[in-house]
Every structure is written in C-alpha cells, then in structure tokens.
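# Commentary on secondary and tertiary structure
Chain residues, written in single-letter form:
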Amino acid sequence: ELVSLAGQAGGNKLPAPIEGITHFTPALPHPRDACALTESEPGAQTSFRWAIKRRLNRGAHGEVWAATREERDYVLKRMFLEKGAHVRLAAAREAWFGAALGGHFVESFATARGDVWLVFEHAGRSLHDHLFEADPTIGVLRPTRAWRQLRLDADGPRKFAELCVGLLEATAAVHAAGVVHRDVKPSNIAIDVTDEGYMKVTLLDFSSAWSREAESAGLYGSTGPSRDEETVEYMPPERLLDDGTKTP
C-alpha cells in the first residue's frame, strides 16, 4: 500500500513503489468494488461503497472524481498506473506527502483489479475552474463571472489580494515543513469561500513535490528528481533556465 510505503521514509533507498502492476485499465472505471485495508486488523479488507457523483477533471497522470461517503464530500483520484513507472512514482509521492503533511489527504486504497486511488477531503473548487469555463457552443475557455468580478468590481482588488495572501501562506507552510511543491498552477490551487466570506486557499497535487526525506525514500526512481515532474508553462525562470542540476 502507498501509505505504508510512505511511512518508511528514511535514509535507506526503497524499491520502486507499486512494482509489478502490469494491467491496463479503461479510461473511466467506476470504483464501486473499492476495498481499503483497515489499520486495526493488518492485512484484513473492509468493503465499502463510494457514491460517485461526477468526474471533475482529467490530467496526464490521473482523473479526479467527486464522491460522497457517510454524507461527507470527498475527492477520489485514480492514477493512470498503466502509463508506466513514472506514474507509479507520482502516486507514491502524492500519498507520501499527503501522509507527511496531513491537510486534506485521507488515505489511499486499491480496487480488486489493482487500480490505485487517492482520497482527499473536498477542499473547494480549483482556481482554474473558478476563473474559466468551457463555452458550450465552440468548446473553448472563456472567463467566468468570478473572473469578471475580480477584474471589474470595486471589491475585486481586495479579493485578489486575499487570494494571493492565502496562496503565499499555504506555500510558506509547505516550505516550513521542508517541502517544495514544484507545480503551483491554477489547477493545483483550491479555493473555498466560507459562510463568513473568508477565502480558504489549499495547495493540491503533491505528486511533483520534493523533500530530502522523500528523495532518501527513493520516490524519484534511480535518476533522482528532475524537471520532468514539473509543468514547463508554470516553471519559475530559475528552474527553466538552470544548468540541469537535479536538486530542486
């Protein structure tokens, strides 16, 4: 299990996570056969059913679904393990950092056929989806009403400043824990406006993150961390134009 692997971080190199999974899964599975290992009885399995609502997003490494369990909202992320070792490593990193940092990460589990899912508490809407939506007539992105409010309303600058402060605070908290996110972009930022009007900002997706402990745990393969785990379009200039060294 990914979480048990995450708990073994230390000075010794670990074998590549989730070795031996060679199955190929369809793009849109329904994880109703999900099973999770219980902590009280190691090795035992407890069956439960997730109420899958809708798919929220799909990226290069996985797809994200909205779900509920016991009347609580969650986000389930299936990793595309069939794409190869780099996705298996990304899944292991996200589970490792989730367990290490806490926050909205809940657990990971495997289905009967070997799919690996990561479970998160619902942290809000991504900044990308908050600001942009698909035009149903031509299929291209267009600004949302929230985007126009930030640009045109008298209160827009204050709301934008609140968003920036929340993002800086979240990033500073991660850095204080010795972790570098390495993939801060609108789709990896969640915002949730409370009933009191406070904007809560959460960093999502730590599959590209780095720390010395994670590197010691072997979570970047035999070659170590590289720019391949980052998104070029959002890479800071000092990373994009560096001399190719591996240390983030």
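Parameters at a glance
Residues numbered from 1 in each chain as written. Predicted model: local features only at pLDDT ≥ 70, side-chain atom pairs only at ≥ 80, totals over all residues. Heavy atoms only, no water. Helix = DSSP H or I, 4+ residues; strand = E, 2+ residues; numbered from the N terminus. Buried < 20%, exposed > 50% of the residue type's maximum accessible area, 1.4 Å probe, protein only. Contact = heavy atoms within 4.5 Å. Areas by Shrake-Rupley, 256 points an atom, 1.4 Å probe, with all protein chains shown as cover. Expected span 1.5 Å × (residues − 1). Arc of directions from axis to C-beta. Pairing = 2+ DSSP bridges. Axes fitted to C-alpha atoms, helices over the stretch in contact; angles between N-to-C directions. Core = buried A, V, L, I, M, F, W, Y, C linked by side-chain atoms within 4.5 Å. Phe/Tyr/Trp six-rings, centres within 6.5 Å; stacked < 30°, edge-to-face > 60°. Salt bridge = Lys/Arg side-chain N within 4 Å of Asp/Glu carboxyl O.

## A few points about the overall build of the chain
- Each helix and strand in the chain was counted, giving seven helices and 12 strands.
- Relative to its full complement of 248 residues, the chain shows a buried share of 42%.
- For the chain, the share of sequence-separated contacts (at least 6 apart) that also reach a separation of at least 24 residues comes to 55%.
- Summing over all exposed atoms, the chain offers an accessible surface of approximately 14,000 Å²; the carbon and sulfur share of this is 53%.

## A word on helix H5 (residues 156–176)
- Across its 21 residues, H5 extends 30 Å between first and last C-alpha, which sits within 8% of the 30 Å expected from 1.5 Å per residue.
- Where H5 is concerned, the buried positions are Gly 156, Glu 162, Leu 163, Gly 166, Ala 170, Thr 171 and Val 174. The buried residues of H5 all sit within an arc of 165° when viewed along its axis, so they share a single face. Exposed residues on H5 whose side chains face more than 90 degrees from its buried face are Pro 157, Leu 168 and Ala 176.
- In this structure, the buried side of H5 is in contact with helix H3 (127–131), helix H4 (145–152), strand S11 (189–193) and strand S12 (199–203).
- One or two residues past the end of H5 sits Gly 178, with phi positive at roughly 80°.

## Overview of the sheet that holds S12
- On the basis of which strands lie adjacent, the open sheet formed by three strands has the order S8-S11-S12 and antiparallel pairing. Each of the sheet's edge strands pairs with one partner strand only, and the pair in question is strand S8 (125–126) and S12.
- Looking at chain direction, S8 and S11 are connected through two bridges and run antiparallel. Across the sheet, residue Arg 125 finds its bridge partner in S11, namely Ile 191.
- Sitting on the sheet, H5 is in contact with S11 and S12, with an inclination near 40° to S12.

## Quick notes on the nonpolar core
- In terms of nonpolar packing, the biggest core is built from 21 residues, with Phe 97, Phe 206 and Leu 219 touching the most fellow members.
- Going through the elements one at a time, helix H2 (85–101), H3, H5, S11 and S12 are the ones with two or more residues in this core.
- Among the nonpolar cores identified, the runner-up in size contains 12 residues, and Val 64, Ala 95, Leu 118 and Phe 120 belong to it.

## Describing the pairing of strand S6 (residues 105–111)
- Buried residues dominate S6, accounting for five of its seven residues.
- As defined by bridge partners, S6 adjoins strand S7 (residues 116–121) across five bridges and the pair is classed as antiparallel. The residue of S7 that forms the bridge with Phe 105 is Phe 120.

## Some thoughts on the packing of aromatic side chains
- Applying the stated rule across the entire model yields three aromatic pairs.
- For the pair Trp 96 and Phe 97, a centre-to-centre distance of 5.1 Å together with 80° between the ring planes defines the contact as edge-to-face.
- Among the residues examined, Trp 96 registers a relative accessible area of 7% and is labelled buried.
- Each ring, one from Phe 105 and one from Phe 120, has its centre 5.6 Å from the other, and the planes form 70°; the classification is edge-to-face. Of the two residues, Phe 105 is situated in strand S6 and Phe 120 in strand S7; the sequence distance between them amounts to 15 residues.

## Topic: the pattern of salt bridges
- The final tally for this structure, using the stated rule, is 16 salt bridges.
- Between Lys 77 and Glu 94 there is a salt bridge, and its shortest N-O distance comes to 2.9 Å. Of this pair, Lys 77 sits in strand S5 (residues 72–79) while Glu 94 is found in helix H2, placing the two residues 17 residues apart along the sequence.
- Overall, Glu 94 belongs to the buried group, its relative accessible area being 4%.
- Measuring nitrogen to oxygen at the nearest pair gives 3.0 Å for the salt bridge that ties Arg 142 to Glu 133.
- Since its relative accessible area comes to 34%, Arg 142 is described here as partly exposed.
- Glu 133 gets classed as partly exposed once you look at its relative accessible area, which sits at 31%.
- Because the salt bridges share partners, they merge into one network encompassing Arg 55, Arg 58, Glu 63, Arg 78, Glu 82 and Asp 115.

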